[in-house]
Structure formats: C-alpha cells, structure tokens
Amino acid sequence: MTKLTVFTPTYNRAYCLPICYENLKKQTSKDFVWLIIDDGSTDDTEQVVAGWIAENVIQIRYHRQDNQGMHGAHNTAYQLIDTELNVCIDSDDYMPPNAVEHILTFWKAHGSEQVSGIIGLDSFTDGRIIGTKLPVSLKRSTLFELYSKHGVTGDKKLVYRSELTRAYPYPIFENEKYVGLAYKYYKLDQQYEMLLLNEVLCCVEYLPDGSSMNMLRQYLKNPKGFAFYRKELMKLPLASVMFKFKQSIHFVSSSIMAGNRRFMMESPAKLLTLLAIPFGILLYWYVSRKTRIS
C-alpha cells in the first residue's frame, strides 16, 4: 500500500511544473502518489498534467477547483489524501532523487503514533541549506520550539501523518486568498512532537510570482486572513510575551485594514493588543505606503 502522498498546489504554473515532475520521475523510490491541486488555473495546466498521466511513469492524481488560494488548496488536498504520510512540494520546487526514500526509510525505522511527522531540510537549487541544519543532539521537537528555543532558522520541509492534517482546516474568508499555513502546524505542535531528519527533502527556488516574494501585497489584500493567523499565534501557550506582542501589532494592523472595529473584543491578549495599537497603526501606514509605491 502506498505510504506517501506528495501534493502540489498550483495556480497558473504550467511553465514550472515540469521541473517538479521530472525530478519526481527520478525518485529512487516510487512508493508515492503525486496529488496535484489545480486551484483554478487559466493556463494549460490541465492539458500538461493529462499528458503526464498518460505517460504512466509515476502515480498522479489531478483535482481541479475554483480558486481559493494556497490554504484552500491545502484544505482540499488533506481531504483527498488517503496515504499514511503527506508532504507538500510547491509548484516551483522539487525533490532531490533520494528524498522519498529518505522519508519512507526514516519513518519505517522511527515513526509512530506518538509523533505527528518528520521535519527535514530545504535547500536552494545550488545545494546550500536554507537557514540552519537541525540540532544533532535532538531526536524530536515541536516546530515552534525549534525556532524559539533551539535557534533554528530558515524554511524546513514538513512531512505529516495524514490523519492529523485533516484537523484544523483553514478558514476561507470571502474575497480573500491567504491564511498562514503555519496555523495548522502550531495547532498540531500542542499535541505532538516531530522527528528530526537532517536530510534535504526539497530544493527551493523563490520565483517572482510566488507568495513568498509578494508578502506585502498579500498582507494588504487579505487582512481578515492575516488577522486570524496573528490572533491564533497570540494563543500559543509556550510563546514569550515579546512574541505575542509582535503578533498583537500585526493583529492591530490587519484589523484596521479589514475595517474591524471589534478587534479589541476579539483579541485573546487584550492588554498586549492595547499596548500594540500605536505600533499597529504605524505598520498599517507602512504597508499601505510601501505597496502603493511598488
């Protein structure tokens, strides 16, 4: 029985998806299925994928939906996945040839229902690790503690048990296309640790049309989604006061953008939010001005 789903949310990325596909064909283990969530593309993504399915080199599932944004595509993927494990590989990224084998071998040796999954490494396409490696002295950790306690930096690749990722679906806000994906990860952090694997599982290229490179515009266009995300981060039980204060600043800024006058009543940290109001106003002004100029 197939153990792993590699899922790829995509929107008008027919021009870069072939790189992802070619590297999946090179995997030393073929014990995976590639699930493509087409989030309402208007290019020839569907025709391109149909050609790959006809080639029958790897298992491919294709699902098309109306555009909901990255988090909406993730929601759909988690509903459709029927394997024990899953990992997201974005449409502009790809897996090194031994990545699937690393995941399955490591999980067979160490995986259990006591953990939510595996944290591996991301690298740039030239092989440089993004941020830091994982602490060699640790076997398990939550994602939050890796960054807040152990000094880890940079994006990491997350492999989750699929039965868990169906929990905590991302909310869909009308006319918005973005909610921070880490909302789900930090929710699962409160119940499970993850296994640490110091192997590169994903090679990353940040393209000009990617969400990472357009964060300020995302911030302005999706204030309800950002406010929701910051409010959830303010609830994290192990977060420091300074961390929660920073989230409060963003919560205030996004609430102003959304025209939400009830943000003080909705805040889970009312005193910090009150103190954050002047800084939130400045951040709102900065983002508005910066996006107008750009």
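What you are looking at is a predicted structure, and each value in this text was computed from that prediction instead of being measured.

Peer 1: I would appreciate a short explanation of the overall build of the protein chain in the present structure.
Peer 2: Each helix and strand counted, the protein chain has 12 helices and 8 strands in total. Relative to the 2.2 N^0.38 estimate, which gives 19 Å for 294 residues, the radius of gyration of the protein chain is 20 Å and therefore close to what a compact globule would have. Expressed as lengths along the three principal axes of its C-alpha atoms, the size of the protein chain is roughly 55 × 45 × 35 Å. Going through the 294 residues of the protein chain one by one, you find that 50% of them count as buried. Looking at the protein chain as shown, the accessible area adds up to about 14200 Å², and 54% of this sits on carbon and sulfur atoms.

Peer 1: Would you take a moment to explain the side chain of E176 for this structure?
Peer 2: As for its placement among the helices and strands, E176 is situated in the loop between α6 (162-165) and α7 (182-189). Of the side chains bearing the opposite charge, K224 lies closest to the buried E176, which forms no salt bridge; the N-O distance is 5.5 Å. A polar contact is formed between the side chain of E176 and the backbone nitrogen of G225, at a distance of 2.8 Å. Not counting residues within four places of it along the chain, the set of residues in contact with E176 comprises Q68, K221, N222, P223, K224 and G225.

Peer 1: Just to check I follow, could you spell out the environment of G127 for this structure?
Peer 2: For G127, the position within the fold is in the loop between β5 (115-124) and β6 (140-141). Each C-alpha atom, one on G127 and one on C203, is 7.7 Å from the other, the two residues being 76 residues apart in sequence.

Peer 1: Whenever I open this one, the pattern of salt bridges confuses me. Can you help?
Peer 2: For the coordinates displayed, the defined rule picks out 9 salt bridges. Measuring nitrogen to oxygen at the nearest pair gives 3.0 Å for the salt bridge that ties K235 to E232. Connected through salt bridges with shared partners, the residues K187, E232 and K235 form a single ionic network.

Peer 1: Whenever I open this one, unusual backbone geometry confuses me. Can you help?
Peer 2: Across residues other than glycine, the phi torsion is negative in most instances, and most of the peptide bonds are trans. We note that N56 has phi near 60°; this positive angle belongs to a residue other than glycine. Residue position: N56 is located in the loop between α2 (45-55) and β3 (59-64). When its relative accessible area of 63% is taken as the criterion, N56 is described as exposed. Here the phi dihedral of Y168 falls at roughly 55°; this positive angle occurs in a residue that is not glycine. Mapped onto the elements, Y168 comes out in the loop between α6 and α7. A residue is classified by how much of its surface remains accessible, and Y168, at 28% relative accessible area, is partly exposed.

Peer 1: Please clarify how the environment of L138 should be interpreted in this entry.
Peer 2: By the element assignment, L138 lies in the loop between β5 and β6. For L138, a relative accessible area of 21% gives the class partly exposed. Measuring from C-alpha to C-alpha, the distance between L138 and L197 comes to 9.9 Å, with 59 residues separating the pair along the chain. If sequence neighbours within four positions are ignored, L138 has contacts with L146, H150 and L196.

Peer 1: Teacher, can you tell me more about the packing of helix α1 (residues 17-25) against α2 here?
Peer 2: Running from N to C, α1 and α2 point in directions that differ by 15°, and their axes come no closer than 11 Å. Taken together, α1 and α2 sit at an angle that is classed as roughly parallel. Remark: the crossing between α1 and α2 carries right-handed chirality. From α1, L17, P18, Y21 and K25 reach across to α2, where they touch T45, W52 and E55.

Peer 1: How should I be thinking about the packing of aromatic side chains in this particular structure?
Peer 2: Two numbers describe a pair of aromatic rings. These are the distance of the centres and the angle of the planes. Across all of its chains, the model carries 14 aromatic pairs by this definition. Ring geometry for F144 against Y186: centres 5.7 Å apart, planes inclined by 85°, an arrangement best described as edge-to-face. Remark: Y186 occurs in helix α7 and F144 occurs in helix α5 (residues 143-148); sequence separation between them is 42 residues. Neither residue differs from the other here; F144 and Y186 are each classed as buried. Through successive ring pairs, a cluster of aromatic residues spans Y170, F173, Y183 and F228. Over the aromatic face of Y192 sits the side chain of R161, whose NZ or CZ is 5.3 Å from the ring centroid. Positioned above the aromatic ring of Y170, the side-chain terminus of K184 is 5.0 Å from the ring centre.

Criteria and thresholds
- Residues numbered from 1 in each chain as written.
- Predicted model: local features only at pLDDT ≥ 70, side-chain atom pairs only at ≥ 80, totals over all residues.
- Heavy atoms only, no water.
- Helix = DSSP H or I, 4+ residues; strand = E, 2+ residues; numbered from the N terminus.
- Rg over C-alpha atoms; globule rule 2.2 N^0.38 Å.
- Buried < 20%, exposed > 50% of the residue type's maximum accessible area, 1.4 Å probe, protein only.
- Areas by Shrake-Rupley, 256 points an atom, 1.4 Å probe, with all protein chains shown as cover.
- Lys, Arg positive; Asp, Glu negative; His and termini not counted.
- Salt bridge = Lys/Arg side-chain N within 4 Å of Asp/Glu carboxyl O.
- Polar contact = N/O pair within 3.5 Å; in protein donor to acceptor, adjacent residues only side chain to side chain.
- Contact = heavy atoms within 4.5 Å.
- Axes fitted to C-alpha atoms, helices over the stretch in contact; angles between N-to-C directions.
- Parallel < 35°, antiparallel > 145°, perpendicular 65-115°, else oblique.
- Left-handed = near helix turned anticlockwise from the far one by under 90°.
- Phe/Tyr/Trp six-rings, centres within 6.5 Å; stacked < 30°, edge-to-face > 60°.
- Lys NZ or Arg CZ within 6 Å of the ring centre and 35° of its normal.

Read these as spatial facts, not as claims about activity.
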